[in-house]
Amino acid sequence: LCLLMPTYKLTYLHLRGRAEIARDLFHLAGVPYEDIRYRLDEVPTISESLPFGQVPMLEVDGKKLPQSHAINRYLANEFGFAGNSAIERAWIDAVADQHRDHEIEIWPPFLIHLGLEPGDRDSQMKEKIEPARDKYFTILENIAKENGSNGHFVGDSLTWVDLLISEHVYTFTQYFPGFLDAFPTVLDTVAKIQATPKLKEWMEKRPVEKF
Amino acid sequence: KTMPTYKLSYFPGRGLGEVSRQMLHLSGTPFEDNRITMDDWPKHKESTPFGQMPVLTVDGKQIPQSFAIARYLANQFGFAGKTPLESAWVDALADQYKDYTTEIRPFLMVAYGFGEGDKDKLRKEVAEPAINKLFTILEKKAKENGSNGHFVGSSLTWVDLLVSDHMGILETHVPNAFTAFPTVQDIRKKTTSLPKLKEWIDKRPVTPF
């Protein structure tokens, strides 16, 4: 079995960030991989070897693949965390892309609020972060309910979009306790996701990173 | 097995809906090309899953988000690459294109007439760097793929359609945008001359985007 399995290498930063869903998938599948983490200032030194000059990057038997959602979907398909029908797969993709749009809105003010990017720290929460949260999580709350409040956002088994949302909720509730109290079905769904044994194990032992 | 009924709902424009329309035309699949004007949109917004368009309705089931729709149709009709890694590379290029659309958006909004701004300044400071960044990646990928008329693999994929159509819109606002990217231009030429696609392009409504 080991001879047939590809060798996997994941290159990213000392962060959970855009690589953590891939790491979660490897652990859930019980598949070994090389978990390479660079400092931000080291990335220019490896830029030439990155297809889009960016991380994360996955290598499968030496074949390179960039872009986090492409990586997540590829591994999810390989390991069985990609939904059980074409329509389900489309809905997983749709929620993942909606999530990506949300991250584009919420991350810049989040970084300013933390003082990691220049800007007016005091205004970010009320003016940017909370509205972005409310807009997106209202949709997610409905999605979780319409899916049957069954511990998943799409379908009835664990998928990569469950992990995407779970990791995001983990980070934001760590920084802002109570941040998502208005979205109880989302919180309940994430609690069930995070109780998945192999995921729980990884979350407890993984390197502690800023986000 | 009977063919599903398809309805694609979007604004009267190419934008985020065109790649899906093209795959439906290329596969010879009948569909309702449901164009909703900006004026009528508020009436329909609540009936969409995320308050946005495009939405694909397949036998009454709605799918939102343009790339989820495109990938679904691509998988149905064989435009998603021939191996899992090829499909993943199509996805990666499409997402890189999406990042580019976020970068170039301030210019395009003014160019399309949806906002006020100094079009020339934005072209120089926003559009040209974004175009160069994306198209350098695309040119490299096209060459690595064997300069065979496709970005990935050896048959048409939805990223060939996505980039080719965008180039048609962009060049009306950024003249000579693609001079430095001859292999990408070849992909566009080969893609847009496919008979069923050319037929659609020649008869489709002419729209500002």
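Just so you know, the residues in each chain are numbered from 1, in the order the chain's sequence is written. Just so you know, chain letters begin at A and ligand numbers begin at 1, following the order they were written in. Selection of residues for local features in this predicted model requires a pLDDT of at least 70, selection of side-chain atom pairs for listing and counting requires 80 or more, and totals for whole chains, interfaces and linings are taken over all residues. Water and hydrogen atoms play no part in the side-chain values, which are based on all heavy atoms of the structure.

Chain B is annotated in an unreviewed UniProt entry as glutathione transferase of Pristionchus fissidentatus.

Going by what an unreviewed UniProt entry lists, chain A is known as glutathione transferase and is assigned to Pristionchus fissidentatus. UniProt positions are given in the numbering used here, feature names are shortened, and annotations may be inferred rather than shown by experiment. On record in UniProt, under Catalytic activity (unreviewed entry), the comment for chain A is "RX + glutathione = an S-substituted glutathione + a halide anion + H(+)". Listed in UniProt under the heading Sequence similarities (unreviewed entry), the comment for chain A reads: "Belongs to the GST superfamily. Sigma family."

Draft legend 1. Spatial organisation of the overall build of chain A. Secondary structure counts use DSSP, requiring at least four H or I residues in a row for a helix and at least two E residues in a row for a strand, with both numbered from the N terminus. Helix and strand counts for chain A stand at 8 helices and 4 strands. Taken from the N to the C terminus, the helices and strands of chain A come in the order β-α-β-α-β-β-α-α-α-α-α-α. Radius of gyration: over C-alpha atoms. The globule rule applied is 2.2 Å multiplied by the number of residues raised to the 0.38 power. Relative to its length of 211 residues, chain A is compact, with a C-alpha radius of gyration of 17 Å against a globular reference of 17 Å. Seen along its three principal axes, the alpha-carbon backbone of chain A occupies a region of about 50 × 40 × 30 Å. Counting across all 211 residues of chain A, residues that qualify as buried make up 55%. Summary of the burial criterion: residues with accessible area below 20% of their type's maximum are buried, those above 50% are exposed, and those between are partly exposed, where the area comes from a 1.4 Å probe applied to protein chains only.

Draft legend 2. Highlighting the sheet that holds strand E4 (residues 61-64) of chain B. All names here are of chain B. Strands were regarded as paired on the criterion that DSSP finds at least two bridges between them. Sheet architecture is open: 4 strands sit in the order E2-E1-E3-E4, paired in mixed fashion. If you trace the sheet from one side to the other, it starts and ends with strand E2 (32-35) and E4, each paired once. Pairs of neighbouring strands in the sheet enclose a mean axial angle of 20°, with direction left out of account. Sitting on the sheet, helix H1 (residues 18-26) is in contact with strand E1 (6-10) and E2, with an inclination near 155° to E1. Along the sheet face, helix H3 (residues 66-77) touches E1, strand E3 (55-58) and E4 and points at about 120° away from the line of E4. Axis geometry follows a simple rule: fit a line to the C-alpha atoms, using only the stretch in contact for helices, then measure angles between N-to-C directions, giving values from 0 to 180 degrees. Contacts: residue pairs with any heavy atoms within 4.5 Å of one another.

Draft legend 3. Inspection of the interface of chain A and chain B at higher detail. Taken together, the contact pairs 27 residues of chain A with 29 residues of chain B. As a working definition, buried area equals the accessible area (1.4 Å probe) given up by two parts on being put together, with both sides summed. Taken together, the two surfaces of chain A and chain B that pack against each other cover about 2400 Å², and 63% of this comes from carbon and sulfur. When residues of chain A are sorted by the area they lose upon contact with chain B, Phe52(A), Ile87(A) and Trp91(A) head the list and together hold 23% of the total. The rule for a salt bridge is simple: a side-chain nitrogen of Lys or Arg has to be within 4 Å of a carboxyl oxygen of Asp or Glu. Here chain A and chain B share 5 salt bridges between them. Here Asp93(A) makes a salt bridge to Arg71(B), at a shortest N to O gap of 2.8 Å. Think of a polar contact as two N or O atoms within 3.5 Å of one another; within protein, one of them needs to be a possible hydrogen donor and the other a possible acceptor, and neighboring residues in sequence only count if both atoms come from side chains. Inspection of the region where chain A meets chain B yields 12 residue pairs in polar contact (both at pLDDT 80 or more). The set of elements that each furnish at least two residues to the side of chain A that touches chain B consists of strand E4 (63-66), helix H3 (68-79), helix H4 (86-113) and helix H5 (121-146) of chain A. Looking at which element gives the most residues to the side of chain A that touches chain B, the answer is H4(A), with 12 residues.

Draft legend 4. Up close: the UniProt feature "domain: GST N-terminal" (unreviewed entry) in chain A. Under the UniProt annotation, "domain: GST N-terminal" (unreviewed entry) lies at residues 6-83 of chain A. Between the end C-alpha atoms of residues 6-83 of chain A the distance is 22 Å, and the span holds 33% helix and 24% strand.

Draft legend 5. Spotlight on the environment of Leu13(A). All names here are of chain A. With respect to the element layout, Leu13 can be found in strand E1 (residues 8-13). Given the relative accessible area of 12%, Leu13 is considered buried. C-alpha separation for the pair Leu13 and Arg39, spaced 26 residues apart in sequence, amounts to 5.7 Å. Among all residues touching Leu13, those that are not within four sequence positions of it are Arg23, Arg37, Tyr38, Arg39, Leu40, Val43 and Val55.

Draft legend 6. The UniProt feature "domain: GST C-terminal" (unreviewed entry) in chain B, seen in detail. As recorded in UniProt, the sites labelled "domain: GST C-terminal" (unreviewed entry) are residues 83-209 of chain B. With 69% helix and 0% strand, residues 83-209 of chain B has its two end C-alpha atoms placed 33 Å apart.

Draft legend 7. Main features of the packing of aromatic side chains. Residues and elements named next belong to chain A. Stacked, tilted and edge-to-face are the three classes assigned to paired rings of Phe, Tyr and Trp, where Trp is represented by its six-membered ring and a pair needs centres within 6.5 Å; plane angles under 30 degrees give stacked, over 60 edge-to-face, the rest tilted. Inspection of the entire model under this criterion finds 30 aromatic pairs over all chains. Relative to Phe110, the ring of Trp107 lies with its centre 4.9 Å away and its plane at 90°, an arrangement referred to as edge-to-face. In this pair, Trp107 and Phe110 both sit in helix H4, 3 residues apart, roughly one turn of the helix. Each member of the pair, Trp107 together with Phe110, is buried. Put simply, the rings of Trp107, Phe110, Phe172, Tyr175, Phe176, Phe179 and Phe211 touch in pairs and so form one group of aromatic residues. Each ring is checked for a lysine NZ or an arginine CZ that lies within 6 Å of its centre and within 35 degrees of its normal; such an atom marks a charge sitting over the ring. A cation sits over an aromatic face here: Arg133 above Phe179, 4.7 Å from the ring centre.

Draft legend 8. Representation of the pattern of salt bridges. All names here are of chain B. Summed over the entire model, instances satisfying the criterion amount to 37 salt bridges over all chains. In this structure, Glu18 engages Arg204 in a salt bridge whose closest nitrogen and oxygen atoms are separated by 2.7 Å. Of the two residues, Glu18 sits in helix H1 while Arg204 sits in the segment after helix H8 (195-203), which places them 186 residues apart along the sequence. Here Glu18 and Arg204 have matching classes, each one buried.

Draft legend 9. Representation of H4(A) within the structure. All names here are of chain A. Taking 1.5 Å as the rise per residue, H4 with 28 residues should run 40 Å; its terminal C-alpha atoms sit 40 Å apart, in good agreement. Bend, at a single residue, is the angle you get between axes fitted to the 7 residues ending at that residue and the 7 residues starting at it. A bend of about 30° at Ile106 is the largest found in H4, and the proline Pro108 appears one to four places after it. Counting buried positions along H4 yields 20 of 28 residues, so the element is predominantly enclosed. Positive phi shows up at Gly115, right after H4, with a value of about 80°. Multiplying one less than the number of residues by 1.5 Å gives the expected span of a helix.

Draft legend 10. Inspection of the nonpolar core at higher detail. If you look at the biggest cluster of nonpolar residues, it comprises 140 residues, and the most contacted ones within it are Leu58(A), Leu75(A), Ile63(B), Phe135(B), Phe151(B) and Trp158(B). The greatest single-element share of this core, amounting to 14 residues, is contributed by helix H4 (residues 84-111) of chain B. Among residues more than four places away in sequence, those in contact with Trp158(B) are Val19(B), Met23(B), Phe67(B), Ala70(B), Arg71(B), Ala74(B), Phe79(B), Ala80(B), Val90(B), Asp91(B) and Ala94(B). Buried residues of nine kinds, namely Ala, Val, Leu, Ile, Met, Phe, Trp, Tyr and Cys, make up a nonpolar core once their side-chain atoms join them within 4.5 Å.

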